[in-house]
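Each chain, letter by letter, is given below.
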Amino acid sequence: MGRRPSVFVRPVSMEEGRKLQRISRIAKDPVRLRRAVVVLMSAQGQTVKDITTLMQVGKDYVRDVIHAFNERGFDALDPKWSGGRPRTINDEVREHICLIARTSPADWKITAFSTWSLSKLAEHLIKQKVTAAISRETLRRILREGKVSWKTTTTWKASSDPDFIAKMHRVLALYDTPPTDGRVICVDEFGPLNLMPRKGKAWGPARRPRRLRATYHRYGGVRHMLAALDLATGKLYYRIRKRKRRREFLGLLKSLRARWPGQKLYVVLDNFSPHKHADIRTWAADNDVELVFLPTYGSWLNWIESEFAALRYFALNGTDHRTHAEQNAAIAAYIRWRNTRAEPKTNFAPDSPVRQWTEYSAKAA
């Protein structure tokens, strides 16, 4: 048998040569890149043997690429991925697997464990004759394609308030259409403020996290911040005290009353016991202050909660204050910065489904 004749690519125009050179430089797909280099080397007059030696590929591969380019042009450079071997598990069985994965072992009278691992689920599927055999990797792919993912269980705190809907609508009405005769103020306590290192996030060199001390002593006691959010301006007003009794809370209310004389104050607040003290109710009634209580376990309705989250993130996370004076100064600096950029608060959760609730169901949502 004689030596097979060498194969060369057809004559390549200058424009095609530039395109091949560009593909060989910038192509991200390794198949397209390799094929372009083979064609380019052949266009430069290199034989199949030379290309095979330099590219470390087979001779038949080089010949196939050259013949394909001669027949189809640049389309021959693109990989034509086949679908692999046909699926052995059909769509109906895959859907059945996803349904079983969403059940609990207890639903199948299995008491040895409370959740499925991939191995345990695969064994169960084979035992139930859903499939004759299945690997963990195949099972993982089926679950991912079926949008069944590994999730952490969360808890749901149901409200026992029989007037949940009425109270919620009252608060939302104050947010949506503030009364013309006064101001809506959201009030809550933030804390306790301990002197301790707080984890946080910050930009830094890769693989070199900023370190904070792990051992500390709480010699300075704790502080509590009593704060109020004025929805008309979006500004925060606060005071930091050692305690958060009715005495401290009444002091905050008096300072708010003095800030806006002549206007009725609608104070949105939770069901913390000092808020409901008889002295507080009497003072509020005598000073044109209406206390608007949130539903039980409905603190998410208090607009000031999101402000506390931002305060914790920007002013406290990643810090290690050694004195309360130092920590209070950091909080004060953040609130001054924030209040200079404050805007009126409008559009509280406009697309939330709670706005369509007509009854409250005390179950997980």
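Here is a short report on the structure shown in this document. Source: prediction; values computed, not measured.

The next point concerns helix α8 (residues 164–176). Residue pairs spaced three or four apart in an α-helix point in one direction, given the helix's 3.6 residues per turn. Under the 1.5 Å per step criterion, the end-to-end length of α8 is 18 Å for 13 residues, consistent within 8% with the ideal 18 Å. Within α8, the full set of buried residues consists of Phe164, Ile165, Met168, Val171, Leu172, Leu174 and Tyr175. Next to the buried residues of α8 lie β1 (182–193), β4 (264–269) and β5 (289–293).

With their axes 10 Å apart at the nearest point, helix α11 (residues 304–316) and helix α12 (residues 324–340) run at an angle of 120° to one another. Taken together, the axis directions place α11 and α12 in an arrangement best described as oblique. Here α11 and α12 pass one another in a crossing that is right-handed. Each of Glu307, Ala310, Leu311, Phe314, Ala315 and Leu316 in α11 lies in contact with α12, whose residues at this interface are Gln327, Ala330, Ile331, Tyr334 and Arg338. Tallied by class, residues from the contact of α11 with α12 come to eight nonpolar, one polar and two charged.

A few words now on the environment of Pro209. Position of Pro209 among the secondary structure elements: in the loop between β1 and β2 (223–230). In this structure, the C-alpha to C-alpha distance between Pro209 and Pro350, residues 141 residues apart in sequence, is 39 Å.

As a further point, take helix α3 (residues 48–55). Residues of α3 that are buried include every one of Val48, Ile51 and Thr52, and no others. Down the axis, α3 shows its buried residues gathered within 100° of arc, on one side only. The outward face of α3, more than 90 degrees from its buried face, is lined by the exposed residues Lys49, Thr53 and Leu54. Packed against the buried residues of α3 are α2 (30–43) and α4 (59–72). A positive backbone phi angle near 55° is found at Gln56, which sits one or two residues after α3.

A few words now on the pattern of salt bridges. Scanning the model with the defined rule gives 19 salt bridges in all. We note a salt bridge from Arg87 to Glu145, for which the minimum N-O separation is 3.5 Å. Residue Arg87 is found in the loop between α4 and α5 (91–101), and its partner Glu145 is found in helix α7 (residues 136–145); the two are separated by 58 residues along the sequence. The residue Glu248 makes a salt bridge to Arg245 at a minimum N-O spacing of 2.8 Å. Among the residues examined, Glu248 registers a relative accessible area of 12% and is labelled buried. Where salt bridges share partners, they join Arg87, Asp91, Arg94 and Glu145 into one cluster.

This brings us to the layout of surface pockets. What the largest pocket holds in volume is close to 570 Å³. Among the elements of the structure, α6 (118–127) and α7 are those that each provide at least two residues to the lining of the largest pocket. Take the lining of the largest pocket: its biggest share by element is three residues, from α7. A class-by-class count of the residues in the lining of the largest pocket yields eight nonpolar, six polar and five charged.

For the rest of this paragraph, the subject is the sheet that holds β1. Reading across the sheet, the five strands line up as β3-β2-β1-β4-β5 and stay open at both edges, with mixed pairing between neighbours. Both outer strands of the open sheet, β3 (236–241) and β5, are each paired with one neighbouring strand and no more. Between one strand and the next, the sheet's axes are offset by a mean angle of 25°, whatever the strand orientation. Where β1 meets β4, five bridges bridge the pair, whose relative direction is parallel. Bridging from a neighbouring strand, Val184 pairs with Tyr266 of β4.

To continue, consider unusual backbone geometry. Going from Gly191 to Pro192, the amide bond is cis rather than trans, its omega being 0°. By the element assignment, Pro192 lies in strand β1. The phi angle at Lys129 is positive, at roughly 60°, despite the residue not being glycine. Structurally, Lys129 can be placed in the loop between α6 and α7. A residue is classified by how much of its surface remains accessible, and Lys129, at 73% relative accessible area, is exposed. Residues other than glycine seldom take positive phi values, yet Tyr297 does so here, at roughly 55°. Along the chain, the position of Tyr297 falls in the loop between β5 and α11.

As a further point, take the pairing of β2. Burial of β2 is extensive: eight of the eight residues sit out of reach of the surface. Every second residue of β2 is oriented toward a common face, with Arg223, Met225, Ala227 and Leu229 on one face and His224, Leu226, Ala228 and Asp230 on the other, all of them buried. Pairing of β1 with β2, which is carried by seven bridges, proceeds in the antiparallel orientation. From the neighbouring strand, Phe190 faces β2, where its bridge partner is Met225. Once β2 ends, the chain turns through five residues before running back antiparallel as β3, passing Gly234 with a positive phi of about 80°.

Criteria and thresholds
Residues numbered from 1 in each chain as written. Predicted model: local features only at pLDDT ≥ 70, side-chain atom pairs only at ≥ 80, totals over all residues. Heavy atoms only, no water. Helix = DSSP H or I, 4+ residues; strand = E, 2+ residues; numbered from the N terminus. Expected span 1.5 Å × (residues − 1). Buried < 20%, exposed > 50% of the residue type's maximum accessible area, 1.4 Å probe, protein only. Contact = heavy atoms within 4.5 Å. Axes fitted to C-alpha atoms, helices over the stretch in contact; angles between N-to-C directions. Parallel < 35°, antiparallel > 145°, perpendicular 65-115°, else oblique. Left-handed = near helix turned anticlockwise from the far one by under 90°. Nonpolar A, V, L, I, M, F, W, Y, C, P; charged D, E, K, R; others polar. Arc of directions from axis to C-beta. Salt bridge = Lys/Arg side-chain N within 4 Å of Asp/Glu carboxyl O. 1 Å grid on protein atoms, 1.4 Å probe; cavity = no way out; pocket = protein on both sides within 12 Å on 5 of 7 lines; lining within 4 Å. Points joined across faces, edges and corners; volume = space filled by probe spheres on them. Pairing = 2+ DSSP bridges.

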